[in-house]
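Below, each chain spelled out in residue letters.
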Amino acid sequence: MTNSEPTSRFLRACHRLPIDTTPVWLMRQAGRYMAEYRTLRAKHSMLEMITTPELAAEITLQPIEAFDLDAAIIFADILPPLIGMGLDLEFVPGKGPVIHNPISSAEDIKRILTPPTEQILSPTLEAIKLVTQELEPRNIPLIGFAGAPFTLASYAIEGGGSKDYAKTKALMYSDPASWQLLMEKLVTVQADYLLAQAKAGAAALQVFDSWAGLALGQESYKRFVAPYNTSLFKMLRGASVPVINFSTGTTSYLEDVAACGGEVIGVDFRMPLGAAWGKIGFDRAIQGNLDPMTLLAPWSETQYHIDQVLDQAAGRPGHIFNLGHGLHKTTPVENVRRLVDYIHVQSSN
Ligand code: 1CP
């Protein structure tokens, strides 16, 4: 935490300080639903866009120019750190991320590298510096991010997205010592990456554990995920910026997720926000939790769901409005504009 009180709505909400109106930013706010993004994407591959600092900075700022958002998130992805760890990652158009040499044995895990961020991800650090130069005079904070160890391990072992996490869970349950080594290596790389992003200018950090909750029940989460997330969040205290702990599908053991750490807990749309906040504890900030697909409906229906989220927050300090997961690529741009403006008006004091 900084010594002086932050002035931006977003950072004030992270610290549960009083604010004039609820801050809002949206996961995947930079992306395919925006024509400006699609124009650049037609000319460049995903990895080119991430590893060219000027392009990544431009894409980060696209939604900031278009909407009255209270925070930016650096344009990157959770998967590029795996390249530096020795995995051959490709974003295949129409299919998503593919790893051509996935981990399949204890030997593979021993060979996984843990290089420092400066060696493998310096373009993202450069992009963060460019974006913060633009945003600081406007008092809009930039969020840095990375994947949590389980979610990254699932890509490294499955070779891409998965429906059942069969290979990941087979390895986890049958060779716990190798699982521990892999998770520890991921913690080392992700902690270094996140700390470097804060040093480069990120004013907050979000850890995405997108898939742990969809893959694992409470007992497995506690044995095979929580110890590593806890050590990651502990290391991130050195960043002196607020950390957002985001997961999906963890409704039934949200208290165990929150116990791992983070000043802010990001929740999905599967539980009313008030109930989720009760499980987390009202002494922590919360981020969420509109179902992103409600933005594909007529405005009156979208509005109903926004009102529900705001009612659930009940004006308590420490609510950051966001979606329960990323914006869908078919979302009409006009609905995003309406959403952001409506939240600011509706929740103003
Ligand atoms: O072709 C394209 O343009 C690819 C679409 C896309 C985009 C816009 C991908 C591929 N990644 C991104 C950017 C991205 N990814 C951001 C940018 C910042 C912002 O929010 O504006 C962020 C935060 C991510 C994080 C990310 N990537 C997550 C965690 C968030 C979540 O949605 O749960 C995950 C799981 C990924 C992996 C990934 N990258 C891309 C895709 C299509 C996927 C998911 C594939 C799958 O497993 O189904």
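Structural notes, computed from the coordinates. Small disclaimer: the values here were computed from a predicted structure and weren't measured.

1. Observations regarding the packing of helix 2 (residues 35–43) against helix 4 (residues 53–66)
Moving on, step 1. Packing of helix 2 against helix 4 leaves a shortest axis separation of 9 Å and a crossing angle of 160 degrees. By the criterion of interaxial angle, the relationship of helix 2 to helix 4 is roughly antiparallel. By crossing handedness, the relation of helix 2 to helix 4 is classed as left-handed. Along its contact with helix 2, which presents Glu36, Tyr37 and Leu40, the element helix 4 presents Leu55, Glu58, Ile59 and Gln62.
Moving on, step 2. Here the contact of helix 2 with helix 4 is composed, by residue class, of four nonpolar, one polar and two charged.

2. Notes on the side chain of Thr117
Moving on, step 1. You can see Thr117 is positioned in helix 7 (residues 117–120).
Moving on, step 2. Beyond its immediate chain neighbours, meaning those up to four positions away, Thr117 contacts Ser122, Leu125, Val189, Asp192, Tyr193 and Ala196.

3. Focus: the site of the ligand
Moving on, step 1. The immediate surroundings of the ligand are formed by 24 residues, with Arg28, Tyr37, Tyr155, Ser210 and His325 found nearest.
Moving on, step 2. Within the contact set of the ligand, an oxygen atom lies 3.0 Å away from a backbone nitrogen or oxygen of Ala30.
Moving on, step 3. For the ligand, an oxygen atom lies 2.9 Å from a polar atom in the side chain of Arg41.
Moving on, step 4. When the ligand sits alone it has 890 Å² of accessible area, and the protein chains cover 87% of it.
Moving on, step 5. Classifying every residue of the shell around the ligand by side-chain character gives 16 nonpolar, four polar and four charged.

4. Quick look at the pattern of salt bridges
Moving on, step 1. This structure, assessed with the given rule, holds eleven salt bridges.
Moving on, step 2. In this structure, the salt-bridge partner of Glu5 is Arg12, at a minimum N-O distance of 3.1 Å.
Moving on, step 3. Judged by relative accessible area, Arg12 falls into the buried class, the value being 17%.
Moving on, step 4. With its nearest N and O atoms 3.1 Å apart, the salt bridge here joins Lys110 to Glu107. Pair noted here: Lys110 and Glu107 are both in helix 6 (residues 106–111), with a separation of three residues, about one helical turn.
Moving on, step 5. Using a relative accessible area of 52% as the deciding quantity, one classes Lys110 as exposed.
Moving on, step 6. Residue classification places Glu107 among the partly exposed residues on the basis of a relative accessible area of 44%.
Moving on, step 7. Residues participating in the shared-partner salt-bridge network are Arg9, Asp20 and Asp70.

How each quantity is defined
Residues numbered from 1 in each chain as written. Predicted model: local features only at pLDDT ≥ 70, side-chain atom pairs only at ≥ 80, totals over all residues. Heavy atoms only, no water. Axes fitted to C-alpha atoms, helices over the stretch in contact; angles between N-to-C directions. Helix = DSSP H or I, 4+ residues; strand = E, 2+ residues; numbered from the N terminus. Parallel < 35°, antiparallel > 145°, perpendicular 65-115°, else oblique. Left-handed = near helix turned anticlockwise from the far one by under 90°. Contact = heavy atoms within 4.5 Å. Nonpolar A, V, L, I, M, F, W, Y, C, P; charged D, E, K, R; others polar. Near = heavy atom within 4 Å. Polar contact = N/O pair within 3.5 Å; in protein donor to acceptor, adjacent residues only side chain to side chain. Areas by Shrake-Rupley, 256 points an atom, 1.4 Å probe, with all protein chains shown as cover. Salt bridge = Lys/Arg side-chain N within 4 Å of Asp/Glu carboxyl O. Buried < 20%, exposed > 50% of the residue type's maximum accessible area, 1.4 Å probe, protein only.

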